[in-house]
Every structure is written in structure tokens, then in C-alpha cells.
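Here's the letter readout for the chains.
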Amino acid sequence: MQKTVLIASDHGGFALKGALIQALRNAQCLVEDLGPESTGSCDYPAYADKLCKQLLAAGEDGQNGQILGILVCGTGLGMSMAANRHPGIRAAVCTCEFMARMARAHNNANVLCLGERVVGQGLGLDIARAFLSQAFEGARHLRRISQFDSFTAPEKP
């Protein structure tokens, strides 16, 4: 089955987003670019929110790794913080291929967050390939990640 990738960035990740789109399409992935359309200053939380809502709406395909997301900003940190506010999203900032493989294999990450200013285009492409090619191992890892959604916010005073 052909992999579907939802991708978005802010202005700080725009160039890497473009390189990723081209490489993913060349690899026969279905890619949906969720913006932005230029390098003009924009707010990364809006793009993280848009991607996460669409990924969650995909339901079963999004849960079994047939649809994955990639978010790119300057460091990857802001995008990951915004994305992980959504229950059911497991966004991982990865700075090397090993982290990307483990994020999928052990944590069933469904969103890869990259920092264009941290990894650059060459390494960014390698990290994305590692993330997209790795399957979730399940088994003992499923028990652990199933606990994520049981966390609740602390009571407000």
C-alpha cells in the first residue's frame, strides 16, 4: 500500500518542507502539503493543529501507520509541543536516523518533527526516510504507549 504523508511547516522550515515534498513524491508517496505557501512569517501552532486534526480524522489508517505526518520548523521543538497537545498524536523531534527508527518502532510516533536549522536538508531527508520506512513493533511497546492517553491534566486550584 502506498504511504500517505501529511506535511506542514512554518517559515523557518519552509525550505526543508519543499525538499521533503519533492523527495517523497519521487519515492511514490502520496503527499499533502498543508502549508504555508511562502516564507512569510507565520505561526507554527496553526500548522501543527491543521496537520494533527487531519491525521486524527483519518482514523484507522492514521493509527496503523498508513498515514503519517511531518512537521518542520526551525528546531522541531515548537511543532512537537503544539502537536503533542492533541490526544492520539505522538510527535517526535528526531535529529538522527536512529531516533526516527526508534520513534516509530518503539513509540509508534505518527508525526515526525524536524528542525531545518538543526538538521539541514541532507540529514533531514535521511531522517524522514528512516521514519517512514520503519514499522511499529507492537508487543511490549503497545502496553506502554497505551498509557499516554490515560494521563489527565492536574486539577486547577
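Bear in mind the structure is a predicted one, so any value in this text is a computation, not a measurement.

(A) Representation of the pairing of strand β1 (residues 4-9) within the structure. Of all the six residues making up β1, six are buried; the element is thus mostly covered by neighbouring parts of the structure. On β1, burial covers both faces: Thr4, Leu6 and Ala8 on one face and Val5, Ile7 and Ser9 on the other are all buried. In the sheet, β1 pairs with strand β2 (residues 30-33) via four bridges, with the strands oriented parallel. Each bridged residue has a counterpart across the sheet, and for Ile7 the counterpart in β2 is Asp33. Taken together, β1, helix α1 (residues 14-26) and β2 constitute a β-α-β crossover, and its handedness is right-handed. Here β1 runs beside strand β3 (residues 67-73); their pairing, made up of six bridges, is parallel.

(B) Seen up close, the environment of Thr4. By the element assignment, Thr4 lies in strand β1. A C-alpha to C-alpha distance of 17 Å links Thr4 and Arg90, two positions 86 residues apart in sequence. When near neighbours in sequence (up to four residues on either side) are disregarded, Thr4 contacts Leu30, Gln66, Ile67 and Leu68.

(C) Region of the structure containing the nonpolar core. Counting 25 residues, the largest nonpolar core has Leu20, Ile70, Leu112, Leu114 and Phe131 as the members making the most contacts within it. Sorting the residues of this core by element identifies β1, α1, β3, α5 (97-105), β5 (111-115) and α6 (116-133) as the ones contributing at least two each. At seven residues, the largest contribution of residues to this core is made by α6. Sequence-distant contacts of Phe131, that is, excluding residues within four places in its chain, are made with Leu68, Gly69, Ala100, Ala103, Arg104, Ala109, Asn110, Val111 and Leu112. In this structure, Ala8, Tyr47, Ala82 and Ala83 belong to the second largest nonpolar core, which totals 19 residues.

Reading the values: rules and limits
- Residues numbered from 1 in each chain as written.
- Predicted model: local features only at pLDDT ≥ 70, side-chain atom pairs only at ≥ 80, totals over all residues.
- Heavy atoms only, no water.
- Buried < 20%, exposed > 50% of the residue type's maximum accessible area, 1.4 Å probe, protein only.
- Helix = DSSP H or I, 4+ residues; strand = E, 2+ residues; numbered from the N terminus.
- Pairing = 2+ DSSP bridges.
- Right-handed = clockwise from strand over helix to strand, strands pointing away.
- Contact = heavy atoms within 4.5 Å.
- Core = buried A, V, L, I, M, F, W, Y, C linked by side-chain atoms within 4.5 Å.

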